[in-house]
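One-letter residues, chain by chain:
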Amino acid sequence: MKKIFAIIKDKKRLHSILFEGNDPLSRPVDIFIMVCIGLCVLMASLESVVKVDDYSLQAIFHQELSGIGILKTCIIVLEYVLSILFTIEYILRVYCSPVKKDYVLSFFGIIDLLATLPQLLSIFFPPLRYLSIMRTFRLIRIFRVLKLFAFINEGYLLLESIRKSINKILVYFFFVVVLVCILGTLMFIVEGQIPGTEFTSIPKSIYWAIV
């Protein structure tokens, strides 16, 4: 704990860890953040399946002792834990920024705030369930991964490979577009005249082919 508080007091080193990636602790912190981002996306996906409606502390202790009930409890607990972690991260980033306004108003600063604020409000004010729709803002935290690639050498190799292969990628996508247009048109020709068919137009048939 003393080491953690010492790092927090040293704003320059903390800034290097969170923003610059020049400190030995930068990579572990980046990986930890990416894992949390992955958990956020996973939780959002699970919520859409099991339909968690109540995020209050009482809901943790009043879930049914079933597979779905236990899963809902895990989701709610992780919501609280991740909300606290992301809030701490945001506060530390503001705290160690030389010009706090620059970070707060930056692209990733706004993303961090939008991904954290609704969760924080729902923790302290559970009755404000109408804010639950704003939980989807946490999904944009995945963009943080794009920024973290700047700290990973392999990221540059990936970008360089994409740049060199862009022509082949474009040809592939052009072929896919032509293929789905042909298949969609054929389905419209075959199924379009059948009563009650869903292939009522070529665009709908192309959409089917894409799916």
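We now turn to the structure provided with this report. (Residues numbered from 1 in each chain as written. Predicted model: local features only at pLDDT ≥ 70, side-chain atom pairs only at ≥ 80, totals over all residues. Heavy atoms only, no water.)

When its secondary structure is counted, the chain shows 11 helices and 0 strands. Written out in order from the N terminus, the α and β elements of the chain read α-α-α-α-α-α-α-α-α-α-α. Of all intrachain contacts in the chain linking residues separated by at least 6 positions in sequence, the fraction that spans at least 24 positions is 57%. Carbon together with sulfur atoms contributes 74% to the accessible area of the chain, which is approximately 14100 Å² in total. (Helix = DSSP H or I, 4+ residues; strand = E, 2+ residues; numbered from the N terminus. Contact = heavy atoms within 4.5 Å. Areas by Shrake-Rupley, 256 points an atom, 1.4 Å probe, with all protein chains shown as cover.)

Our focus in this paragraph is the layout of surface pockets. Empty space among the atoms becomes visible once a probe the size of a water molecule is rolled across them. Put simply, the largest pocket is a space of about 510 Å³. Forming the walls of the largest pocket are 17 residues, and the residues nearest its centre are Leu18, Val29, Phe32, Ile88 and Leu92. By residue class, the composition of the lining of the largest pocket is 16 nonpolar, no polar and 1 charged. (1 Å grid on protein atoms, 1.4 Å probe; cavity = no way out; pocket = protein on both sides within 12 Å on 5 of 7 lines; lining within 4 Å. Points joined across faces, edges and corners; volume = space filled by probe spheres on them. Nonpolar A, V, L, I, M, F, W, Y, C, P; charged D, E, K, R; others polar.)

Take the side chain of Arg93 next. Take Arg93: it is sitting in helix α5 (residues 67-96). Among the polar contacts listed, one links the side chain of Arg93 to the side chain of Glu89, at a separation of 2.8 Å. (Polar contact = N/O pair within 3.5 Å; in protein donor to acceptor, adjacent residues only side chain to side chain.)

In this section: the side chain of Thr197. Within the element layout of this structure, Thr197 appears in the loop between α10 (166-191) and α11 (202-210). Judged by relative accessible area, which is 17%, Thr197 ranks as buried. Within polar-contact distance, the side chain of Thr197 engages the backbone nitrogen of Phe199 at 3.0 Å. In this view, Thr197 contacts Glu191 and Gly192; residues no more than four positions away in its chain are not counted. (Buried < 20%, exposed > 50% of the residue type's maximum accessible area, 1.4 Å probe, protein only.)

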